[in-house]
Amino acid sequence: MALDDFKDVIHRCFRCGYCKFTSNYTDFNCPPYNKFRLETFSPGGRMWLIRAMMLKDIEPSQHLADILYSCTMCANCVEECRFKFHDDIVDIIMEGKASLVESGMVPPTARDFFKNIYLSGNPWKEPQQKRGDWARHYGIPVYKPGDEYLYYVGCIGSYDQRVQKMAGAFGQLLLRAGLSFGILGEDEYCDGNEVLMMGEQGLFEYLAQKNIELFKERRVNKIVTLSPHAYNVMRNKYPRLGGDFEVVHYTELLKELISSGRLKVPGGRKIKVTYHDPCFLGRWNSIYDEPREVLESVDGVELVEMRRNRENAFCCGGGGGNFYTDIIGGGESSPSRIRVREAADTGADIIAVACPTCMTMIEDGLKGEDLDEKIMCNDISEIVLDAITSAEEG
Amino acid sequence: MASGEDHVYEALRTIVGDPFVSRDREELYMYSRDPGASIPRSADWVVLPSTTDEVQKIVILARDMKVPVVPISGGLTLSGLAVPVKGGIVMDMRRMDRIIEVNERSRYVVVESGVSQGKLLSFLKENYPMLRHSMPDAPPSASVVGNTLIYGSGHLSKHGAHSEMINGLEVVLGDGEVLRLGSCALSPYWFGRGPLPDLVSLFVNWFGTTGIVTRLSLKLYPSHPLRDMLIFLVQDPKTIPQAVSMITSTDMMEDVLIVASRPPKAPSVISLLTVYLTAETHEELDFKKELFVDMFKDFGQEGSRMVFTPKEMLPQKLIHGFMEEPQYAAATADFKKGGGFEYVGVVLPLSKVPVAWKMGEEIARKHGFDPLYTVRNVGLGHGVVFAFAYPFNRADEESLQRSRDALADTNDMALELGGTPWKSELEGQAKIMARMDPVVLSVMDGIKRVMDPGGIMNPGNWKHG
């Protein structure tokens with residue numbers, strides 16, 4: 001796609017503003033608009049600015065780049081826009097960013113993000129050969145042809161110390177379930193979802209092709225992803241580039257393993273848990289029930305909902321590369337801090353996440369709000385594993 | 001030494017802090033236009049205050065620097081009222097979005113000027129389900145204060161226009177003075193405007209030329225658990241005045257709305273009259289329904305009847321749309337896949353509806369449109385707001401111009417019929433003032449001079465001569 005493909009659509013945005021809200025209008029649910037409140041930072045504002053850029057009424061600028069890159073691609077606008085073209089909104093914003101990439105006018109942090117991924121395969125310039133180091137501690141094997149699942153971990157799961165525990169927890173559950181699986185370890189490369197969402201289409205295609213070739217070479221049929229972002233891109237974008245694999249998110253697989261009895265989950269300690277829907281699992285791929293069903297299968301877990309949940313969930317603020325570029329982070333009105341306040345209102349002991357990006361953002365939010373001593377952020381696998389190991393320890 | 005422009009910018013930053021002030025071209029572009037058909041006009045700064053104190057400081061700065069100030073909240077008048085005529089500071093009120101107080105017994109709510117209709121609607125549903133406000137058929141992002149100050153009307157139209165539901169105001173004048181008007185001038189209670197000399201009206205329909213409203217107390221009404229509607233097919237618009245008169249004489253409806261449009265693939269315009277009903281019990285609701293259905297059984301002659309049309313006979317999507325709060329009126333913008341529409345709303349006596357209907361058709365056809373009307377009863381038959389809408393394609397200048405031409409002709413027609421154009425764009429305001437008694441105009445000028453001695457408050461609006 002190119003921006004020009006939307007020339008018969010983009011002027012149809014009336015800027016009525018439904019896109020800013022939850023479905024019942026209780027809150028502004030567009031993270032950048034909620035933070036800045038300037039009309040330019042609303043989805044409709046972006047549509048009008050991108051059109052102005054197409055018409056050359058405004059030129060690409062650093063400020064325009066900040067406006068477009070502040071979008072977390074949470075797709076609340078797609079959910080709430082009442083017009084028939086609502087599915088196009090995030091694609092238009094993505095193409096707007098692509099235009100800025102072409103003109104060399106992206107935020108400096110986005111430029112670094114692209115460069116690091118191109119040169120090092122991850123956003124932090126971490127050594128490629130260390131990508132699978134985390135797995136040794138858990139005895140998680142390397143994928144070999146014939147294994148049922150490739151466990152795709154992703155950049156954050158591979159390098160972030162906190163998220164490595166999340167990756168490890170899921171890996172241990174797979175081992176306990178007796179599944180044949182493995183990771184790519186030092187051969188794993190960035191999935192490209194954020195690169196695509198940030199408009200670097202050339203780099204995305206490079207990454208996708210590289211991954212697809214590798215997956216085919218290793219005779220991969222089924223992929224289970226730790227990250228909803230990887231899930232999204234592998235499921236919805238790779239097929240167009242020849243990468244037709246069966247892709248599941250780890251919560252889908254956990255649900256199947258538990259309901260089939262392959263993974264036995266005994267009762268754990270009594271805990272109150274609230275679940276934060278990741279945008280790329282929920283709004284992008286309509287997976288709302290499986291994570292909840294997994295949590296509810298753990299005896300002792302009391303699942304309580306935040307005020308904004310499922311289709312109305314408020315984004316953690318990390319999508320669209322914002323976990324790295326940090327354009328909307330900082331301060332009380334940063335999305336992650338708002339979200340953890342909302343979680344605290346439920347009285348939950350644990351905020352359950354199902355996404356590495358959400359985990360890092362929510363952890364930051366808890367620290368920012370001084371709630372990290374009161375509420376824990378755990379991934380769903382960690383909660384399930386904890387229930388199993390607690391029961392074993394008696 | 002800083003230029004005047006830089007001084008204003010730096011002073012605004014000091015007042016509200018980064019990032020709530022901008023002079024970047026992206027914000028200036030956005031705040032120089034609205035979704036209607038008006039031609040863009042430049043803004044110089046955009047600022048988002050969060051308190052009355054900040055509003056006051058900004059107005060004093062503007063007064064001292066002789067810079068215009070234009071308030072915007074929902075930004076959805078479609079007639080460019082919040083787009084600067086003479087440049088200056090656009091003051092976006094949407095950070096002031098606190099619902100300050102609900103008084104359950106006296107049935108009012110005090111809101112800041114950035115509170116959206118959607119927020120108030122959901123807040124009341126969640127916290128005060130026994131109370132409701134009159135919801136206009138504007139998007140949820142429309143502001144409560146803006147809509148109320150420009151004579152909006154809505155789902156409780158039997159109680160009158162929203163401007164008539166104001167209990168009191170907090171307002172910042174052009175010299176920076178902050179006033180509280182209504183009962184709140186004497187007490188902590190915002191329950192009413194009288195019996196005091198009524199100064200609230202000095203800020204109603206003045207489009208921000210006399211002051212910037214920062215808080216408003218709005219009347220709330222009982223919310224009944226049951227809500228439904230009856231739909232009648234209007235065979236002849238000449239019968240509308242009689243029909244509305246009969247309906248309103250019962251005082252048993254909540255709202256009466258007539259819509260006329262030509263659905264895709266339909267051979268002609270279809271006109272539907274909807275009567276909205278609420279009730280405490282099913283028996284009460286059934287009684288009301290029966291009353292109105294019976295009322296129109298023998299109404300009119302063949303070809304001029306009000307034909308009761310059970311909801312089951314109509315597309316459920318249409319029914320859902322009619323019942324929704326707010327109604328999805330913005331859909332009009334996509335009728336031609338063009339992203340825009342504007343309308344002339346005219347406050348008319350009920351008796352003038354048929355002639356306005358006919359003349360509106362002629363104007364619409366002349367400019368290549370099908371008639372697209374909404375007519376809302378306001379009060380108990382005391383008047384209607386008749387909206388003549390013209391969708392356009394934002395990407396097509398010729399289409400935009402046709403809408404502007406149709407709007408201009410409609411303003412002329414409305415005034416010719418003795419109606420009052422509602423929230424008029426600059427051209428409409430000029431036409432209204434051309435018909436006004438010069439003494440009235442002179443009084444208006446005098447009031448503006450008192451309230452805004454520096455002439456900085458949304459200048460260009462209600463400006464004659």
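Every chain begins its residue count from 1, and numbering advances along the sequence as written. The lettering of chains begins at A and the numbering of ligands begins at 1, in the order of writing. In keeping with the predicted nature of the model, local features appear solely for residues at pLDDT of at least 70, side-chain atom pairs appear and are counted solely at 80 or more, and the whole-chain, interface and lining totals rest on all residues. Values reported for side chains reflect all heavy atoms of the structure, with hydrogen atoms and water molecules removed beforehand.

### Things to note about the overall build of chain A
Operational definition: Where helices and strands are cited, they refer to DSSP runs of H or I of at least four residues and of E of at least two residues respectively, numbered from the N terminus. For a compact globule the rule gives 2.2 Å times the number of residues to the power 0.38, and the radius of gyration it is set against comes from C-alpha atoms. Note on exposure labels: buried denotes an accessible area under 20% of the residue type's maximum, exposed denotes more than 50%, and partly exposed covers the range between, all computed with a 1.4 Å probe on protein chains only. What makes two residues a contact is simply this: any of their non-hydrogen atoms within 4.5 Å. Here the positive residues are Lys and Arg and the negative ones are Asp and Glu; neither His nor the chain ends is included. Here the site of a charge means atom NZ of a Lys, CZ of an Arg, CG of an Asp or CD of a Glu.
When its secondary structure is counted, chain A shows 18 helices and eight strands. By the compact-globule yardstick of 21 Å for 394 residues, chain A fits well, its C-alpha radius of gyration being 20 Å. Projecting the C-alpha coordinates of chain A onto the three principal axes gives extents of approximately 65 × 50 × 35 Å. Evaluated residue by residue, chain A yields a buried proportion of 65% over its 394 residues. For chain A, restricting intrachain contacts to residue pairs at least 6 apart in sequence, the fraction spanning at least 24 positions comes to 78%. Side chains of chain A give 46 positive and 59 negative charges; the mean places of these two sets differ by 1 Å.

### Some remarks on the overall build of chain B
The following threshold applies: Shrake-Rupley sampling with a 1.4 Å probe provides the accessible areas, and residues are treated as covered by the protein chains on show and by no other component.
A count of helical and extended segments in chain B gives twelve helices and 19 strands. At 22 Å, chain B has a C-alpha radius of gyration in line with the 23 Å of a compact globule built from 465 residues. Projected onto its principal axes, the C-alpha coordinates of chain B cover approximately 80 × 55 × 45 Å. Taken over 465 residues, chain B has a buried fraction of 59%. For chain B, the proportion of contacts with a sequence separation of at least 24, taken over those separated by at least 6, is 69%. On chain B, roughly 18,500 Å² of surface is accessible, and the fraction owed to carbon and sulfur atoms is 55%.

### As for the domain arrangement of chain B
Residues and elements named next belong to chain B. Operational definition: What marks off one domain from the next here is an automatic or database domain assignment. Two parts placed together each lose some accessible area; with a 1.4 Å probe, that loss summed over both constitutes the buried area. Just to be clear on terms, a salt bridge is a Lys or Arg side-chain nitrogen sitting within 4 Å of an Asp or Glu carboxyl oxygen.
Split into domains, chain B comes out as domain 1 (4-94), domain 2 (95-222) and domain 3 (226-423). The centre of domain 1, based on its C-alpha atoms, is set 22 Å off from the matching centre of domain 2. Taken residue by residue, the interface counts 23 residues in domain 1 and 25 residues in domain 2. Between domain 1 and domain 2 lies a buried interface of about 1,800 Å² when both sides are counted; carbon and sulfur atoms form 65% of it. Inspection of the domain 1/domain 2 interface yields zero salt bridges.

### Some remarks on the side chain of Thr214(B)
The topology assignment puts Thr214(B) in strand β10 (residues 212-219). Judged by its relative accessible area of 0%, Thr214(B) falls in the buried class.

### What to know about the interface of chain B and chain A
Where we set the bar: Two N or O atoms count as a polar contact when they lie within 3.5 Å, although within protein this holds only if one can serve as hydrogen donor and the other as acceptor, and sequence-adjacent residues are included solely when both atoms are side-chain atoms. Basically, the charged four are Asp, Glu, Lys and Arg, the nonpolar ten are Ala, Val, Leu, Ile, Met, Phe, Trp, Tyr, Cys and Pro, and anything else, Gly included, counts as polar.
Every contact between the two is made by 46 residues of chain B and, on the other side, 38 residues of chain A. Around 3,500 Å² of area is buried between chain B and chain A when both sides are counted, 61% of it from carbon and sulfur atoms. For the interface between chain B and chain A, the tally reads four salt bridges. As a salt-bridge pair, Arg12(A) and Asp334(B) come within 2.7 Å of each other at their nearest N and O atoms. At the boundary of chain B with chain A, the tally comes to 15 residue pairs in polar contact (both at pLDDT 80 or more). Residue composition of the side of chain B that touches chain A, grouped by class: 20 nonpolar, nine polar and 17 charged.

### Concerning helix α2 (residues 43-54) of chain A
This is how the line gets drawn: Expected helix span is taken as 1.5 Å per residue step, with the number of steps being one fewer than the number of residues.
Along its twelve residues, α2(A) runs 17 Å from first to last C-alpha, staying within 8% of the 16 Å computed at 1.5 Å per residue. Within α2(A), eleven of the twelve residues are buried, leaving the element largely enclosed by the surrounding structure. Among the residues making up α2(A), those that are buried are Pro43(A), Gly44(A), Gly45(A), Arg46(A), Met47(A), Trp48(A), Leu49(A), Ile50(A), Arg51(A), Ala52(A) and Met53(A). In this structure, the buried residues of α2(A) make contact with α1 (31-36), α3 (62-69), α4 (76-80) and α5 (89-102) of chain A together with α2 (25-30) of chain B. Phi turns positive one or two residues past the end of α2(A), at Lys56(A), with a value near 65°.

### So, a nonpolar patch on the surface
For clarity, the cut-off: The residues that make up patches have over 30% relative accessible area and no salt bridge, and they are joined within 9 Å when like-charged or within 5 Å when they are Val, Leu, Ile, Met, Phe, Trp or Tyr.
Residues Tyr118(A), Leu119(A) and Tyr206(A) make up a contiguous nonpolar surface patch of about 340 Å² in total accessible area. Given a relative accessible area of 34%, Tyr206(A) falls into the partly exposed group.

### Thoughts on the sheet that holds strand β6 (residues 108-112) of chain B
All names here are of chain B. In plain terms, the rule: Two strands qualify as a pair provided that DSSP identifies no fewer than 2 bridges between them. The axes used here are C-alpha line fits, helices contributing only the stretch in contact, and every angle between their N-to-C directions lies in the interval 0 to 180 degrees.
Judged by pairing direction, the sheet is antiparallel, and its five strands sit side by side in the order β5-β6-β10-β8-β9 without closing on themselves. Strand pairing shows two members of the sheet lacking a second neighbour, β5 (99-103) and β9 (178-182), which therefore form its edges. Averaged over all neighbouring strand pairs, the angle between strand axes comes to 10°, with direction disregarded. Sheet topology note: the strand β8 (residues 166-172)/β10 ladder contains six bridges and is antiparallel. In the sheet register, Val171 faces β10, and the bridge partner there is Val213. Its contacts with the sheet place helix α3 (residues 52-65) against β8, β9 and β10, and it is angled at close to 50° to β8. Each of β5, β6 and β10 touches helix α4 (residues 117-127); the most contacted strand, β5, lies at about 45° to it.

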